[in-house]
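Results of the structural survey
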Amino acid sequence: MSKKIEIFDTTLRDGEQVPGCKLNHKEKLKVALGLQSLGVDVIEAGFPISSPGDFKAIEMICKELREPVICALSRSVEKDIKVAAESLTYAKRPRIHTGIGTSEQHIKYKFQSTPEKIIERAIAATSCAKRFVEDVEFYAEDAGRTDNAYLARVIEAVVAAGATVVNIPDTTGYCLPDEYGQKIAYLKENVKGIHKVTISAHCHNDLGLATANSIAGVMHGVTQIECTLNGIGERAGNTSLEEVVMILKQKYRDHFYTDINTKLLNPLSRLVSESMSMPVQANKAIVGVNAFAHSSGIHQDGVIKSRENYEIIDPLEVGVDKSYIVLTARSGRAALAFRSKEIGYDLAKDELDIAYEHFISLADTKKEVDEHDLQKMLDAIFVSNIC
Ligand code: KIV
Ligand code: ZN
């Protein structure tokens with residue numbers, strides 16, 4: 001039977017932390033409504049202790065949204081947890097996300113503490129959050145660089161203290177997929193009570209492995225993925241929502257599913273990019289402008305014959321109207337004929353030969369021959385009869 005993988009979206013928290021991406025409360029609400037339509041299971045709406053503006057945004061999101069769980073972040077600090085609980089007052093399904101660093105690096109150099117004291121703080125934070133809400137997620141920050149035996153002790157302690165979800169972040173994007181998968185497998189085997197809770201993957205992209213690590217986590221027992229649209233987030237970003245969703249759909253459909261309406265992936269990606277003034281790189285998987293664009297003659301000929309020759313995803317499935325045949329100096333006759341037909345010129349073979357000669361001279365002077373250029377060129381040849 002196919003198993004549901006919950007999508008925990010942190011675009012409005014980890015994503016919004018990125019310099020220049022800050023949103024006001026109205027903009028946050030607009031993105032949150034979009035995420036609700038997309039079908040995410042959990043929205044991490046912000047870090048309410050960080051500013052009154054973020055507190056207000058979370059409160060508004062809680063009032064307006066009724067479907068997803070709304071989550072607020074806190075450190076393992078009583079005041080943070082109380083403010084997080086307060087910001088969630090109006091939530092139909094509130095969750096507090098609390099935690100602390102567990103790697104040797106964080107214990108020694110961030111907290112100047114000891115492993116035993118960190119476990120005490122983890123338990124205290126979980127118990128404190130439990131006084132306000134039933135649904136408490138605990139994050140073991142820098143779990144990617146945490147010794148597995150110690151991590152298992154921390155996780156066992158917070159599960160016993162009532163955590164409902166345990167988040168195993170690869171905060172610094174340090175793990176390889178096999179290491180991350182083995183970490184999850186180790187916890188599954190060595191933590192008492194782990195079967196009662198949800199295991200969550202929260203992977204950063206410092207080595208470009210966030211998506212691969214999250215999927216490796218799923219292969220070993222993760223049932224919630226924390227991710228952002230367009231993969232935005234601290235430094236090199238977080239796991240990209242659109243990538244994990246489409247990997248599960250394309251490659252593992254018999255084993256896993258999500259509730260994401262994939263047709264909204266591209267519209268939502270644009271909404272996030274525009275509201276955060278954060279352009280999406282052109283070659284970004286699923287949502288980049290070139291994700292369904294074909295520019296070399298060989299590929300264009302192949303796609304025109306059968307889209308599946310060079311596309312593994314139907315663009316309609318992710319909210320893109322159609323594949324795009326780009327006209328450049330690397331394009332061939334098939335592409336020119338195809339694009340000409342789209343604007344009303346169904347060229348016979350000899351006409352195409354003539355048009356192609358004009359086209360190549362023009363294309364060598366430009367990065368791309370757009371529709372306007374093409375129309376002008378064809379009109380000049382065939383209406384004004386310049387040949
Ligand atoms: O990357 C991380 O460890 C985080 C936690 C706060 C969950 O963002
Ligand atoms: Zn993070």
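Preceding block: the structure.
Residues numbered from 1 in each chain as written. Chains lettered and ligands numbered in written order. Predicted model: local features only at pLDDT ≥ 70, side-chain atom pairs only at ≥ 80, totals over all residues. Heavy atoms only, no water.

**Here we look at the coordination of the zinc ion (ligand 2)**
- Taken together, the protein donors to the zinc ion (ligand 2) comprise Asp14 (OD), His202 (NE2) and His204 (NE2), at separations of 2.0 to 2.1 Å.
- Positions of the donor residues of the zinc ion (ligand 2) along the chain correspond to the pattern D-x187-H-x1-H. Note that Asp14 is positioned in helix H1 (residues 11-15) and His202 in strand S8 (residues 198-203), a separation of 188 residues in sequence.
- A residue is classified by how much of its surface remains accessible, and His202, at 4% relative accessible area, is buried. (Donors = N, O, S within 2.8 Å, 3.2 Å for Na, K, Ca; no water. Helix = DSSP H or I, 4+ residues; strand = E, 2+ residues; numbered from the N terminus. Buried < 20%, exposed > 50% of the residue type's maximum accessible area, 1.4 Å probe, protein only.)

**Observations regarding the packing of helix H2 (residues 25-38) against helix H11 (residues 265-275)**
- The N-to-C vectors of H2 and H11 enclose an angle of 165°; their axes lie 10 Å apart at closest approach. By the criterion of interaxial angle, the relationship of H2 to H11 is roughly antiparallel. H2 and H11 meet at a crossing whose hand is left-handed. Listed contacts from H11 to Lys30, Val31, Gly34, Leu35 and Leu38 of H2 are Leu265, Leu268, Leu271, Val272 and Ser275.
- Considered class by class, the residues forming the contact of H2 with H11 number seven nonpolar, two polar and one charged. (Axes fitted to C-alpha atoms, helices over the stretch in contact; angles between N-to-C directions. Parallel < 35°, antiparallel > 145°, perpendicular 65-115°, else oblique. Left-handed = near helix turned anticlockwise from the far one by under 90°. Contact = heavy atoms within 4.5 Å. Nonpolar A, V, L, I, M, F, W, Y, C, P; charged D, E, K, R; others polar.)

**Topic: the packing of aromatic side chains**
- On inspection of all chains with the given rule, the structure shows three aromatic pairs.
- Between Tyr252 and Phe256, the ring centres sit 6.4 Å apart and the planes meet at 70°, which makes this aromatic pair edge-to-face.
- Residue class for Tyr252 comes out partly exposed when judged on its relative accessible area of 25%.
- With relative accessibility at 14%, the residue Phe256 sits in the buried group.
- Each ring, one from Tyr356 and one from Phe359, has its centre 5.9 Å from the other, and the planes form 40°; the classification is tilted. (Phe/Tyr/Trp six-rings, centres within 6.5 Å; stacked < 30°, edge-to-face > 60°.)

**A short note on the environment of Ala85**
- By secondary structure assignment, the location of Ala85 is in helix H4 (residues 78-87).
- Sequence separation between Ala85 and Arg153 is 68 residues; the distance between their C-alpha atoms is 27 Å.
- Those residues in contact with Ala85, other than ones at most four positions away along the chain, are Ile96 and Phe132.

**Some thoughts on unusual backbone geometry**
- Not every positive phi belongs to a glycine, and Asn230 is a case in point at roughly 65°.
- Positionally, Asn230 belongs in the loop between strand S9 (224-227) and helix H10 (241-251).
- Given a relative accessible area of 13%, Asn230 falls into the buried group.
- Residues other than glycine seldom take positive phi values, yet Ile286 does so here, at roughly 70°.

**Considering the pattern of salt bridges**
- Inspection of the entire model under this criterion finds 28 salt bridges.
- Of the charged contacts in the structure, one is a salt bridge between Glu78 and Lys82, with a shortest N-O distance of 3.4 Å. Separated by four residues within a single helix, Glu78 and Lys82 lie in helix H4, roughly one turn from each other.
- The network of salt bridges with common partners includes Lys4, Asp41 and Asp259. (Salt bridge = Lys/Arg side-chain N within 4 Å of Asp/Glu carboxyl O.)

**Quick word on the state of the cysteines**
- Scanning the model with the defined rule gives zero disulfides in all.
- We note that Cys21 lacks a disulfide partner, and the nearest cysteine sulfur, in Cys227, lies 16 Å from it.
- The cysteine Cys62 is free of any disulfide, with Cys71 supplying the nearest cysteine sulfur at 10 Å. (Disulfide = S-S within 2.5 Å.)

**A short note on the site of ligand 1**
- Looking at ligand 1, the residues that line it are Arg13, Asp14, Leu73, His97, Tyr139, Glu141, Asn167, Pro169, Thr171, His202 and His204.
- Within the side chain of Arg13, an N or O atom sits 2.9 Å from an oxygen atom of ligand 1.
- Between ligand 1 and His202, the relevant distance is 3.1 Å, taken from an oxygen atom to a side-chain nitrogen or oxygen of the residue.
- Coverage of ligand 1 by the protein chains reaches 92% of its 260 Å² of free accessible surface.
- A per-class count over the shell around ligand 1 returns three nonpolar, five polar and three charged. (Near = heavy atom within 4 Å. Polar contact = N/O pair within 3.5 Å; in protein donor to acceptor, adjacent residues only side chain to side chain. Areas by Shrake-Rupley, 256 points an atom, 1.4 Å probe, with all protein chains shown as cover.)

**Details of the packing of helix H6 (residues 115-130) against helix H7 (residues 148-160)**
- For the pair H6 and H7, interaxial distance at closest approach is 9 Å and the crossing angle is 25°. When the axis of H6 is compared with that of H7, the two are roughly parallel. Judged by the sense of rotation from one axis to the other, the crossing of H6 with H7 is right-handed. Here Pro115, Glu116, Ile118, Ile119, Ala122, Ile123 and Thr126 of H6 lie close against H7, whose contacting residues are Tyr150, Arg153, Val154, Ala157 and Val158.

**Things to note about the sheet that holds S9**
- Spatially, S2-S3-S4-S5-S6-S7-S8-S9 is the arrangement adopted by the eight strands of the closed barrel, whose pairing is parallel. Within the sheet, the average angular offset between the axes of one strand and its neighbour, ignoring direction, is 25°.
- By the bridge criterion, three bridges tie strand S6 (residues 136-141) to strand S7 (residues 165-170) in an arrangement that is parallel. When the sheet's bridge partners are listed, Phe138 is paired in S7 with Val166.
- On the sheet, helix H9 (residues 210-219) packs against S7, S8 and S9 and is oriented at approximately 165° with respect to S8. (Pairing = 2+ DSSP bridges.)

**A closer look at the environment of Asp373**
- When you line up the elements, Asp373 lands in helix H15 (residues 371-383).
- By relative accessible area, Asp373 is classed as buried at 14%.
- Between the C-alpha atoms of Asp373 and Glu64, which are 309 residues apart in sequence, the distance is 47 Å.
- Once residues within four sequence positions are removed from consideration, Asp373 is found in contact with Leu362, Lys366 and Glu368.

Don't take any of this as a statement about function, it's just geometry.
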